[in-house]
Amino acid sequence: MKLPVSFPAPHPDETLYSLLCRYHVRSCNQSDGATLHQLFDKKRSLHTTVLSPFPLRFASQWTDSFHGISRESLLLDHTAFPFYRAFYSCSNNSRSSYAADRFFMAMYNNCCTPSKKLRYCPKCAQAQWEHLGVSYWQILPQINGFEICPIHLEPIRETHITHWDIRYNFYPAANELGNPKSCDNLEHLKMVEQNWEDFLQMALDISFLFRFSYYGFHLGTRIRKALQFDLIPVHHNWVRTILNDPVVMECCDLACMDSLAAMVHDPYHLISQIQCVHVCLQLRLCRAMFGDLEEFCNARM
Ligand SMILES: [Zn+2]
């Protein structure tokens with residue numbers, strides 16, 4: 001399908017959802033529903049586009065309107081895929097298949113925050129406005145565990161807009177940021193402030209992995225490989241690492257914590273299952289075992 005209006009050029013780190021919002025504004029369609037029908041031929045939920053390219057299959061219908069933006073660059077530059085692929089590999093190479101869609105749905109579920117609200121860095125938004133004349137939703141603040149903007153050292157803020165709200169509605173960032181209805185979770189902000197260094201480290205690790213990962217790089221495999229050479233102290237204080245880590249406590253849900261409680265006293269079992277545990281926990285464990293993530297990922301093995 002050739003869309004009547006071309007897509008706006010995506011900005012750095014802009015989510016697919018944000019791009020669709022700006023398309024909606026540009027289309028001058030009378031309603032959000034009209035744009036949804038134009039894009040998908042039917043009413044279709046947008047909530048996964050906050051983080052993932054699901055349903056990417058439709059992107060092939062829009063290609064003519066992309067002005068040279070490939071599906072590959074949409075996937076790599078405008079979704080959480082570069083971060084997520086370091087943890088789970090997509091077994092089916094055909095990105096247009098249902099298997100790939102399932103992978104992208106899992107990616108959304110593993111990367112979204114417990115509160116499932118649109119989030120932003122106020123200083124990034126201000127800089128976007130000053131330099132580009134528009135604000136947009138960025139990918140990293142939508143990732144669970146990314147609680148501080150490493151560029152501005154500013155806590156990530158929550159809007160009132162939930163992923164439920166955006167299923168069939170477009171909320172362009174330019175209309176929403178600075179909206180007096182925007183509400184912060186004060187308890188969460190306090191938790192981040194009190195454990196600033198831990199959360200900042202996590203944000204730096206997420207940001208690093210997002211830019212570092214490449215096809216074939218898999219963090220869990222690397223951890224197991226490192227263990228074969230006995231490079232780390234297995235007798236680490238796992239209870240402290242897992243059950244007292246403020247980042248893990250804030251980012252993992254109760255079901256996840258329950259399964260951890262069973263693993264925590266058996267480090268060998270935990271390590272053998274590392275690729276099965278929550279993304280945030282894999283990152284925190286990796287840091288606890290090997291220290292600097294960048295050094296660990298770049299080390300020759
Ligand atoms: Zn920022």
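Residues numbered from 1 in each chain as written. Predicted model: local features only at pLDDT ≥ 70, side-chain atom pairs only at ≥ 80, totals over all residues. Heavy atoms only, no water.

Caption draft 1: Molecular detail of the coordination of the zinc ion. Only Cys121 (SG), Cys124 (SG), Cys149 (SG) and His152 (ND1) from the protein coordinate the zinc ion, and they sit 2.1 to 2.3 Å from it. For the zinc ion, the 4 donor atoms in the first shell make angles of 105 to 115° at the metal, a pattern classed as tetrahedral. Ordering the donors of the zinc ion by residue number gives the pattern C-x2-C-x24-C-x2-H. On the criterion of sequence distance, the pair formed by cysteine 124 in helix H7 (residues 122-132) and histidine 152 in the loop between strand E2 (148-149) and strand E3 (154-155) is long-range, its members being 28 residues apart. Owing to a relative accessible area of 10%, cysteine 124 belongs among the buried residues under this scheme. Its relative accessible area of 27% is what places histidine 152 among the partly exposed residues. (Donors = N, O, S within 2.8 Å, 3.2 Å for Na, K, Ca; no water. Tetrahedral: all angles 85-135°; square planar, octahedral: opposite > 155°, others 65-115°. Helix = DSSP H or I, 4+ residues; strand = E, 2+ residues; numbered from the N terminus. Buried < 20%, exposed > 50% of the residue type's maximum accessible area, 1.4 Å probe, protein only.)

Caption draft 2: Fine view of the nonpolar core. Counting residues in hydrophobic clusters, the biggest one holds 90 residues, and the most contacted among them are Phe83, Leu209 and Leu219. Of the residues forming this core, the biggest block, 9 residues, is contributed by helix H10 (residues 196-212). Apart from residues no more than four positions distant in its own chain, leucine 209 is found in contact with Pro82, Phe83, Ala86, Phe87, Phe217, Leu283, Leu293 and Cys297. (Core = buried A, V, L, I, M, F, W, Y, C linked by side-chain atoms within 4.5 Å. Contact = heavy atoms within 4.5 Å.)

Caption draft 3: Geometry of the pattern of salt bridges. Per the stated rule, a full pass over the model turns up 9 salt bridges. One salt bridge in this structure joins lysine 117 and glutamate 158, with 4.0 Å as the shortest N-O distance. Separated by 41 residues along the polypeptide, lysine 117 in strand E1 (residues 117-120) and glutamate 158 in strand E4 (residues 157-162) bring together distant segments of the chain. Among the salt bridges present, the one from aspartate 205 reaches arginine 287, with a minimum N-O distance of 2.8 Å. With aspartate 205 in helix H10 and arginine 287 in helix H16 (residues 279-290), this pair connects stretches of sequence that are 82 residues apart. (Salt bridge = Lys/Arg side-chain N within 4 Å of Asp/Glu carboxyl O.)

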